[in-house]
Every structure is written in structure tokens, then in C-alpha cells.
Amino acid sequence: MNTEIGEVVLVGGGPGDPDLLTVGGLRALREADVVLYDHLAPLACLTETKAGAELVDVGKIPGGRQTAQDEINRLLVEHARAGAKVVRFKGGDPFVLGRGSEEWLACSEAGVPVRVVPGVSSAIAGPELAGVPLTHRGLSQDFTVVSGHVGPDHPASTVNWDALAHTHGTIVVLMGVAHLAEICAGLVARGLASGTPAAIVAKAALPDQRVLRGTVASLPALAADAGVEPPALTVIGAVVGLDLLG
Ligand code: SAH
């Protein structure tokens, strides 16, 4: 048995296209003995792992099969303690609205060496691949990325939706498909102009990427009619009116 402790590398894989994985992320993946991946990671890259590497699906499918975060943390620590080089292969960037920081803490509390390889966040790449810049001179000087896993009417939301409605910048909502109607209506109710351009980008960077454009008032019905499912992100603001791909 290997008595030397291994390590955990939290690898941000980008939003799904293997081309958006960083060189450092690819190197870590190639060197890994164990890879814990989920459905948001660029799965096509798993073929890059070495022969005999153990690949473990720890996905959290919305409304589907779930791996508890505690279980993921436990597996990371257990494999590293057994001497393995462990990669936690995630979609986007590990520290943007994911639970990568909890995984980091679980490792460091257990005395397991841990490091992070940043990834291209879907929050930025998704709009970009849909032809929407997050900032644009004269239109928007800032962007805010928020979690839509609970909407503005939910007591568990810590987002300042009142402020967001008046930001004059760009709003990017992740994990917001289920509560899209509540989020859009909530922003309008708080003062955002109902004609503000808005788009939803589903499966960004994947072969079946889809983009729907409308306004903050019309987007929820457009998305529902089109049957949009996660993973998808919403971008709201004047920059959506630019449509560079047009
Ligand atoms: N850390 C990740 C985000 C994790 S939260 C990142 O930086 O991208 C999960 C949410 O990310 C999804 O609900 C969805 O809103 C968004 N997301 C991840 N991959 C996506 C993709 N390929 N296309 C659109 N949205 C995506």
C-alpha cells in the first residue's frame, strides 16, 4: 500500500468545449490517478486520462441523480490519503458559484494538499459565444454574476435584487432556469425597464448550444415554449442588444 499522501487538484474545465480547457488543466488530467467528474465538465477530455486511471461520476443533475457534496468531499480526501493524484474535474471555474471552495476546505482540514487550476467560467464564455460582450463602451461598464437557484421572492436569496434592478450594467444569472419567470418579473417589479434586452444561452460551448433572445419581459415565455433545460445561463442588459453574431 502507498503510504505517501497524494494530492487533490480542483480543475476548472471550462463550459464544455475541450478547446477551452487550460494547458495546466489538461496536464493535471493527464497525470491523475483518480478523476471525480460531473456532467458540467468537458467530458470529451476524459479520453486524455492515462490508462488505468479511475474515473468516477459525481454529478448533481438538476432534478435527477445527485451526489451529496459531503460524499464528494469524502471521496477526494479518501483517494488522496491512499496516495492518489486526484483531479476534481468541474465545469467552468471552480470558484464561481460552484462548491469548489468547500472541496478545498475539506481537503485542507483533512491535511490533504490541494490546489486549484482556474477555468474559463460559463458566466463569461457563455454570453461571449452567443455574441454578447459583458461590457461595451457606452453600454455597460460592469457585470454581476448571480445565482438563480433561488429567486428574488425566496427567503434564502441573499442577492440584493433591488440594487441589481438599478445597476445599469449587465446581469448574468447562472442556475436560473427553474426560476427564470420569478427572476425576470422580480427585476421588472423592482424598476428594471421591461424592454431591457435579455438572452438565454443553453449548453454554451457544446455542439447543441442554443441562444434565445428577447427582453426581460418576454424571455421566460420564450424559454418555456422552446423547452430550454439546464445547463443554461441568462444575460440581461443593453449589451444583449448588440448581437455581434447577428
Ligand atoms: N463554476 C461554473 C458554474 C457552476 S453553477 C462556471 O464557472 O461556469 C452551474 C451553472 O453554470 C448552470 O446552472 C448554468 O447556469 C451554468 N453553466 C455551466 N455550464 C454551462 C454551459 N455549458 N452552458 C450554459 N450554462 C452553463
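Small disclaimer: the values here were computed from a predicted structure and weren't measured. The residue numbering used here restarts from 1 in each chain and proceeds along that chain's sequence as written. Confidence filtering applies because this is a predicted model: local features only for residues at pLDDT of at least 70, side-chain atom pairs given and counted only at 80 or more, and all residues used for totals across whole chains, interfaces and linings. Derived side-chain values reflect all non-hydrogen atoms in the structure, with water molecules and hydrogen atoms excluded from consideration.

Trainee: I tried to follow a nonpolar patch on the surface on my own but got confused; where do I start?
Mentor: A cluster of nonpolar side chains, contributed by Phe95, Trp104 and Leu105, occupies part of the molecular surface with about 290 Å² of accessible area. Under the scheme used here, helices are H or I runs from DSSP no shorter than 4 residues and strands are E runs no shorter than 2 residues, and both carry numbers assigned from the N terminus. Following the sequence through the fold, leucine 105 ends up in helix H3 (residues 100-109). A residue counts toward a patch only above 30% relative accessible area and without a salt bridge, and it is joined to like-charged neighbours within 9 Å or, for Val, Leu, Ile, Met, Phe, Trp and Tyr, to nonpolar neighbours within 5 Å. Shrake-Rupley sampling with a 1.4 Å probe provides the accessible areas, and residues are treated as covered by the protein chains on show and by no other component. We define a salt bridge as a contact between a side-chain nitrogen of Lys or Arg and a carboxyl oxygen of Asp or Glu at a distance within 4 Å.

Trainee: Can you walk me through H3 in this structure?
Mentor: Every α-helix carries 3.6 residues per turn, so stepping three or four residues along brings you back to the same face. The buried label goes to any residue with under 20% of its type's maximum accessible area, the exposed label to any with over 50%, and the partly exposed label to all in between, with areas taken from a 1.4 Å probe on protein chains only. Inspection of H3 places Gly100, Glu103, Ala106 and Cys107 among the buried residues, and these make up the whole buried set. What you see down the axis of H3 is that its buried residues fit within an arc of 120°, all on one side. In this analysis, two residues are considered to be in contact whenever any of their non-hydrogen atoms come within 4.5 Å of each other. The inward-facing, buried residues of H3 abut strand E1 (7-12), helix H2 (69-81), strand E4 (85-90) and strand E5 (114-117). Backbone geometry just after H3 places glycine 111 at a positive phi near 75°. It is the directions from the helix axis to the C-beta atoms that the arc portrays.

Trainee: Any chance you could explain the pairing of strand E2 (residues 34-37) here in plain terms?
Mentor: Side-chain positions along a regular strand alternate between the two faces of the sheet. The alternating pattern of E2 places Val34 and Leu36 on one face and Val35 and Tyr37 on the opposite face, and all of these are buried. By this definition, two strands are paired if DSSP reports at least two bridges between them. Sheet analysis places E2 next to strand E3 (residues 54-57), joined by four bridges and oriented parallel. Residue pairing across strands places tyrosine 37 opposite aspartate 57, the latter belonging to E3. Looking at chain direction, E2 and E4 are connected through four bridges and run parallel. Of the residues in E4, the one forming a bridge with tyrosine 37 is phenylalanine 89.

Trainee: Where do I start with the site of the ligand in this structure?
Mentor: Neighbouring the ligand are 17 residues, the closest being Asp93, Val96, Ser121, Ser122 and Ala232. Valine 96 is positioned with one of its backbone polar atoms (N or O) 2.7 Å from a nitrogen atom of the ligand. In the environment of the ligand, a nitrogen atom lies 2.8 Å from a nitrogen or oxygen atom belonging to the backbone of alanine 204. The classification used treats Ala, Val, Leu, Ile, Met, Phe, Trp, Tyr, Cys and Pro as nonpolar, Asp, Glu, Lys and Arg as charged, and all other residues, Gly among them, as polar. When grouped by side-chain class, the residues that make up the shell around the ligand number eleven nonpolar, four polar and two charged. Proximity is defined per residue: any heavy atom of the residue falling within 4 Å of a molecule or strand makes that residue near it. For this analysis, a polar contact is any N or O atom pair within 3.5 Å, provided that within protein one partner can donate a hydrogen and the other can accept it, and provided that sequence-adjacent residues contribute only side-chain to side-chain pairs.

Trainee: Can you help me understand the nonpolar core in this one?
Mentor: Buried together is how nonpolar side chains tend to be arranged in soluble globular proteins. We call a set of buried Ala, Val, Leu, Ile, Met, Phe, Trp, Tyr and Cys residues a nonpolar core when their side-chain atoms join them within 4.5 Å. Judged by nonpolar contacts, the single largest core of 21 residues is most densely connected at Ile171, Leu187, Ile200, Val228 and Ile236. Within the residue set of this core, elements represented by two or more residues are helix H5 (161-164), strand E7 (170-174), helix H6 (180-189), strand E8 (197-202), helix H7 (219-226) and strand E10 (232-236). Element by element, the count of residues in this core is highest for H6, at four residues. Not counting the four nearest positions on each side in its chain, isoleucine 236 is found in contact with Gly169, Thr170, Ile171, Leu187, Leu192, Thr196, Pro197, Ala198 and Val216.

Trainee: Is there a simple way to think about the sheet that holds E5 in this case?
Mentor: Adjacent strands of a sheet form backbone hydrogen bonds with each other and so pair up, either parallel or antiparallel. Taken in spatial order, the five strands line up as E3-E2-E4-E1-E5 in an open sheet, and their pairing is parallel. Looking at strand neighbours, the two that pair on one side only are E3 and E5, the edges of this open sheet. Mean inter-strand twist for the sheet, computed between neighbouring axes without regard to direction, equals 20°. Taken strand by strand, helix H1 (residues 23-31) contacts E1, E2, E4 and E5, and its axis lies near 130° from that of E4. Lines fitted to C-alpha atoms define the axes here, with helix axes fitted over just the stretch in contact, and angles between the N-to-C directions of these axes take values from 0 to 180 degrees.

Trainee: I would appreciate a short explanation of the environment of lysine 50 in the present structure.
Mentor: With respect to the secondary-structure elements, lysine 50 resides in the loop between E2 and E3. Taking C-alpha positions, lysine 50 is 7.7 Å from aspartate 33, a pair spaced 17 residues apart along the chain. Those residues in contact with lysine 50 that sit more than four places away from it in its chain are Arg30, Glu31, Ala32 and Asp33. Of note is the side chain of lysine 50, whose polar atom sits 2.8 Å from the side chain of aspartate 33.

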